[in-house]
Amino acid sequence: MSFGIEAASYYVPSLYLEIKELAEKRGIEPAKLEKGLGLHKMGLPDVHEDAATFAAEALLRLIKDYGINPKEIARVYLGTESAVDAAKPTASYAIQMVEKILEGEFGERCFKNCDVLDMTFACVGAVDALHNALDFVRVNPEKKAVVIASDYAKYELASSGEYTQGGGAVALLVSSKPDLLEIENNWGVATESVFDFFKPRRSYKKEELNGAPETYPEKIEIFTDEPVFDGQYSNQCYQDRIKEAYHHYKEVTGQEKPYEKWKYIIFHLPYAFHGKRVFTEIYSLENHLPYETADEQKAVAKSEDYLKLINDKIEKTQRASSEIGNMYTASIFMAFLSALQTSFNENEELTGKEIGFVGYGSGSKSKVFAGKVSQNWKDVAEKWNVFENLNNRMAVDFETYEKLHRKQLEKSVNSEYNGFGLISIETGNPVLNGARYYNYQK
């Protein structure tokens, strides 16, 4: 019996900012971001959107596009680092939204008997969710699970991470009927606790906060979406962990050069060109090439064989990232959809082809695994229309972008938006203070 991904869907917010406009406003040469990092557009959540609405959109589309009975879903695992609550899982908000839409067809609380939880390990959290969902369906082959990756990458204005922002969600149906991708039970794992990128609770004295109520303690902890990070160090941690996880994967599988038989190499992409940049060290080790000095590293990256590898195995995976930006936990799965969508559009047959996945999450951990494309993959991919949908989004100007970032807008920018939205946050009832309420906007 085989296990893996039966179906997949996604959601990308309807707003975007042109990277060229951001670069010009920040005094950066546009070519540095467009040609150097592969960035073209930055996906932005509207006023009413967050990780919960992203997840609900992707889940609802998965159910509707593939005719899934929600009562047959035994578990929903959500990978995110953009949780809307520190205790109540973001996944619970998502299923509540979707239940309301589906109750006419399936009755009230169609997820009543579904196990629901969040998993967090920076950008690898949704890979962890997939790993656990696969373990679950292997033990319970008659049951189905859904994995949702939902995130919004947000950095401080004018910071070195600002131009990599993005967001959205991908939902995967995991079962013993893997119509899209059959995933082998071999995992390479590498973990080390580091501080390359994290989102701590930050302490302030009460007098430093204007308007703080008297009832507040003298020291107040505040959480913000913007991370503390060291870009260069994080890149090195990424490179170190994927090298260790890849080596572990080789030990587990007994393969000499697993990447050679992979049709595509799917990376977590903080920016579109990141995967092809960090894989040079593994490539050098696998082919016994010198890689100690900067000149040797450049020689490898510019070699004819490595450029061919990029063109054959990586380039198609990064196309969606160029149009969206960093989706954190969802970026690796959007890279997967990007590759398969491109092959589908080009009428390329992938059945039986093996695809390798190289996940990374700051903090830090990497997981490497692989799967084979199933015979029915085109029946799944034909419903996506990834690039067509990306071309139908709404551009915003720089002033609107900064107001969205600072949360200075009250009304949604896209007045024609149809879908889930945050309508209010409780402030009057002390036992419900902070509760978030959503509905479906038409």
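Residues numbered from 1 in each chain as written. Predicted model: local features only at pLDDT ≥ 70, side-chain atom pairs only at ≥ 80, totals over all residues. Heavy atoms only, no water.

Details of the overall build of the chain
- Summing up its helical and strand segments, the chain has 15 helices and 19 strands in all.
- Its C-alpha radius of gyration of 22 Å places the chain within 12% of the 22 Å reference for a compact globule of 442 residues.
- Overall, the chain is about 65 × 55 × 40 Å in size when its C-alpha atoms are taken along their principal axes.
- Residues counted as buried form 55% of the 442 residues belonging to the chain.
- Long-range contacts, defined as pairs at least 24 residues apart, comprise 77% of the intrachain contacts of the chain with a sequence gap of at least 6.
- Accessible surface, the chain: about 19,700 Å² in total, of which carbon and sulfur atoms supply 46%.
- A gap of 1 Å separates the mean positions of the 52 positive and 67 negative side-chain charges of the chain. (Helix = DSSP H or I, 4+ residues; strand = E, 2+ residues; numbered from the N terminus. Rg over C-alpha atoms; globule rule 2.2 N^0.38 Å. Buried < 20%, exposed > 50% of the residue type's maximum accessible area, 1.4 Å probe, protein only. Contact = heavy atoms within 4.5 Å. Areas by Shrake-Rupley, 256 points an atom, 1.4 Å probe, with all protein chains shown as cover. Lys, Arg positive; Asp, Glu negative; His and termini not counted. Charge placed at Lys NZ, Arg CZ, Asp CG, Glu CD.)

As for the pattern of salt bridges
- For the coordinates displayed, the defined rule picks out 27 salt bridges.
- As a salt-bridge pair, lysine 243 and glutamate 281 come within 3.0 Å of each other at their nearest N and O atoms. Of the two residues, lysine 243 sits in helix α6 (residues 231–253) while glutamate 281 sits in helix α8 (residues 280–286), which places them 38 residues apart along the sequence.
- For lysine 243, a relative accessible area of 26% translates into the label partly exposed.
- Notably, a salt bridge pairs glutamate 286 with lysine 250, separated by 2.7 Å at the nearest N-O pair. Taken together, the positions of glutamate 286 in helix α8 and lysine 250 in helix α6 put the pair 36 residues apart, joining distant regions of the chain.
- Shared partners join several salt bridges into a network, and the residues in it are Arg26, Glu162, Glu402 and Arg406. (Salt bridge = Lys/Arg side-chain N within 4 Å of Asp/Glu carboxyl O.)

Some thoughts on the sheet that holds strand β3 (residues 41–44)
- An order of β3-β2-β17 is seen for the three strands of this open sheet, with the pairing classed as mixed. The two strands at the open ends of the sheet, each matched to only one other strand, are β3 and β17 (394–395). (Pairing = 2+ DSSP bridges.)

A short note on the nonpolar core
- By size, the foremost hydrophobic cluster in this structure holds 119 residues, and its most contacted members are Phe111, Met334, Phe336 and Trp384.
- With nine residues, the top contributor of residues to this core is helix α3 (residues 51–65).
- With residues near it in sequence (within four places) discarded, methionine 334 still touches Tyr10, Val12, Val170, Ala320, Ile324, Met327 and Val386. (Core = buried A, V, L, I, M, F, W, Y, C linked by side-chain atoms within 4.5 Å.)

A short note on the packing of α3 against helix α4 (residues 90–106)
- In contact at an axis separation of 8 Å, α3 and α4 are set at 45° when each is read in the N-to-C sense. On the basis of the axis angle, α3 is oblique to α4. Where α3 crosses over α4, the two elements pack in a sense that is right-handed. When α3 is examined against α4, the residues Ala51, Ala52, Thr53, Ala55, Ala56, Leu59, Leu60, Ile63 and Lys64 are found in contact with a partner set consisting of Thr90, Tyr93, Ala94, Ile95, Met97, Val98, Ile101 and Leu102.
- Residue composition of the contact of α3 with α4, by class: 14 nonpolar, two polar and one charged. (Axes fitted to C-alpha atoms, helices over the stretch in contact; angles between N-to-C directions. Parallel < 35°, antiparallel > 145°, perpendicular 65-115°, else oblique. Left-handed = near helix turned anticlockwise from the far one by under 90°. Nonpolar A, V, L, I, M, F, W, Y, C, P; charged D, E, K, R; others polar.)

What to know about unusual backbone geometry
- For the peptide bond that leads from glycine 363 to serine 364, omega is 5°, which places it in the cis range.
- Relative to the assigned elements, serine 364 resides in the loop between β15 (354–361) and β16 (365–373).
- A positive phi angle is found at asparagine 347, which is not glycine, with a value near 55°.
- Looking at the element boundaries, asparagine 347 is found in the loop between α12 (331–345) and β15.
- Residue class for asparagine 347 comes out exposed when judged on its relative accessible area of 60%.
- Positive phi is not limited to glycine here, since asparagine 385 has a value of about 55°.
- With respect to the helices and strands, the residue asparagine 385 is situated in the loop between α13 (377–381) and α14 (386–390).
- For asparagine 385, a relative accessible area of 35% puts it in the partly exposed group.

Considerations on the state of the cysteines
- As enumerated under the stated definition, the model contains zero disulfides in all.
- No disulfide involves cysteine 123; its nearest neighbouring cysteine sulfur is the one of cysteine 237, lying 13 Å away. (Disulfide = S-S within 2.5 Å.)

Here we look at the side chain of serine 343
- Along the chain, the position of serine 343 falls in helix α12.
- What makes serine 343 buried here is its relative accessible area of 0%.
- One polar contact links serine 343 to tyrosine 264, side chain to side chain, over a distance of 2.5 Å.
- Excluding anything up to four places from it in sequence, serine 343 contacts Tyr264, Glu348, Leu350 and Trp377. (Polar contact = N/O pair within 3.5 Å; in protein donor to acceptor, adjacent residues only side chain to side chain.)

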